[in-house]
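# Chain and residue survey
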Amino acid sequence: MSQPYVVRYVGGPLDGRVDSLPSTPEDPKQIVTYVHLHGGPKIVHIYELSYAVEYGCEYRLRAEEA
């Protein structure tokens with residue numbers, strides 16, 4: 001029996017979210033884009049895949065470019 005693939009999100013509106021898949025994907029997405037739509041302007045958050053010793057795979061909010 002394989003272990004589920006767990007991914008955590010760190011920072012931004014998805015902070016604390018945990019996604020669980022039945023198995024490890026062959027080619028995990030390196031970047032995840034989250035788009036917040038509401039009555040005002042569209043807000044885009046970009047998360048980059050990284051690895052944390054404590055948790056395994058994490059998507060961390062990309063720092064804003066100056």
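Residues numbered from 1 in each chain as written. Predicted model: local features only at pLDDT ≥ 70, side-chain atom pairs only at ≥ 80, totals over all residues. Heavy atoms only, no water.

On the surface, a cluster of nonpolar side chains totalling about 270 Å² of accessible area is made up of Val-35, Leu-37 and Val-44. Note on placement: Val-44 falls in strand β4 (residues 43-52). Here Val-44 falls in the partly exposed class, since its relative accessible area comes to 43%. (Patch = residues over 30% accessible without salt bridge, like charges linked within 9 Å, V, L, I, M, F, W, Y side chains within 5 Å. Areas by Shrake-Rupley, 256 points an atom, 1.4 Å probe, with all protein chains shown as cover. Salt bridge = Lys/Arg side-chain N within 4 Å of Asp/Glu carboxyl O. Helix = DSSP H or I, 4+ residues; strand = E, 2+ residues; numbered from the N terminus. Buried < 20%, exposed > 50% of the residue type's maximum accessible area, 1.4 Å probe, protein only.)

This model, assessed by the stated rule, comprises two aromatic pairs. Where Tyr-9 meets Tyr-47, the ring centres are 5.7 Å apart and the plane angle is 85°; that geometry is what we call edge-to-face. You can see Tyr-9 sitting in strand β1 (residues 5-10) and its partner Tyr-47 sitting in strand β4, a full 38 residues away along the chain. Among the residues examined, Tyr-47 registers a relative accessible area of 0% and is labelled buried. With a centroid separation of 5.5 Å and an interplanar angle of 20°, the aromatic rings of Tyr-9 and Tyr-59 are classed as stacked. Separated by 50 residues along the polypeptide, Tyr-9 in strand β1 and Tyr-59 in strand β5 (residues 56-61) bring together distant segments of the chain. The pair Tyr-9 / Tyr-59 is uniform in exposure class, with both members buried. For the cation-ring pair, Arg-17 lies above Tyr-9, with the distance from its terminal atom to the ring centre recorded as 5.6 Å. (Phe/Tyr/Trp six-rings, centres within 6.5 Å; stacked < 30°, edge-to-face > 60°. Lys NZ or Arg CZ within 6 Å of the ring centre and 35° of its normal.)

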